[in-house]
Amino acid sequence: MKYKVPPTPAPANGIGLVAHTDKNTLTILGQNDVQGLEIQPKNGGWVPAVIPDGAFIAIVGDTLKAWSNGRLHPVRHRVVIRGEEERYSWGSFLMPKDDSTVAVADQLVDGDHPLMYRPFTYSDYLSYFVHKLSDDALEVYAGLSSPVAPACMD
Ligand SMILES: O=C(O)CCC(=O)C(=O)O
Ligand SMILES: [Fe+2]
């Protein structure tokens, strides 16, 4: 991705990429030496994700949250451009094949971890997200409103 230097005077927010969670399973990101990635802690606000020179950052996506039965969390992130240099980033977006079923493994469901997501087809979830564009797309699309403990599963 290429983020151009903002015009002068710079817009107040400098947003280069709006806040989102990734929809795939795992994203591995690298960048040139211009920082700008920010992540949102659970209590809100924004924190710079400073990536050391030559390092990569791995970001959990919605699909891995579902697949891990909610154990792994997709962090909301955005890109803010404030400086006077162009920012480049590159990503490796790991994802299931379109027609794959994303289903929680039985081993990840127990009394302490009731089933949180119904099985779904990856491309169907993507289509749903593109249609709705809502932050809670995964929960609305595949989340079980009453998580199911193993004894209740058939
Ligand atoms: O450019 C970046 O550092 C972030 C890109 C990103 O979040 C995305 O493509 O989903
Ligand atoms: Fe992203």
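Figured I'd write up the structure that's included with this text.

Parameters and conventions
- Residues numbered from 1 in each chain as written.
- Chains lettered and ligands numbered in written order.
- Predicted model: local features only at pLDDT ≥ 70, side-chain atom pairs only at ≥ 80, totals over all residues.
- Heavy atoms only, no water.
- Donors = N, O, S within 2.8 Å, 3.2 Å for Na, K, Ca; no water.
- Salt bridge = Lys/Arg side-chain N within 4 Å of Asp/Glu carboxyl O.
- Helix = DSSP H or I, 4+ residues; strand = E, 2+ residues; numbered from the N terminus.
- Buried < 20%, exposed > 50% of the residue type's maximum accessible area, 1.4 Å probe, protein only.
- Patch = residues over 30% accessible without salt bridge, like charges linked within 9 Å, V, L, I, M, F, W, Y side chains within 5 Å.
- Areas by Shrake-Rupley, 256 points an atom, 1.4 Å probe, with all protein chains shown as cover.

### Quick look at the coordination of the iron ion (ligand 2)
Moving on, step 1. Taken together, H20 (NE2), D22 (OD) and H77 (NE2) make up the full set of protein donors to the iron ion (ligand 2), lying 2.0 to 2.1 Å away.
Moving on, step 2. On the primary sequence, the residues serving as donors to the iron ion (ligand 2) are separated as H-x1-D-x54-H.

### Remarks on the pattern of salt bridges
Moving on, step 1. Tallying each qualifying case throughout the model produces six salt bridges.
Moving on, step 2. E86 is paired through a salt bridge with K2; the nearest N and O atoms lie 3.8 Å apart. Of this pair, E86 sits in the loop between β7 (77–80) and β8 (87–94) while K2 sits in strand β1 (residues 2–3), and the two are 84 residues apart along the sequence.
Moving on, step 3. For K2, a relative accessible area of 48% translates into the label partly exposed.
Moving on, step 4. The salt bridge involving R76 is made with D135; its shortest N-O contact spans 3.0 Å.

### Description of a nonpolar patch on the surface
Moving on, step 1. Residues I28, F56, Y88, W90 and L94 make up a contiguous nonpolar surface patch of roughly 480 Å² in combined accessible area.
Moving on, step 2. Within the secondary structure layout, W90 lies in strand β8.
Moving on, step 3. Judged by relative accessible area, which is 45%, W90 ranks as partly exposed.

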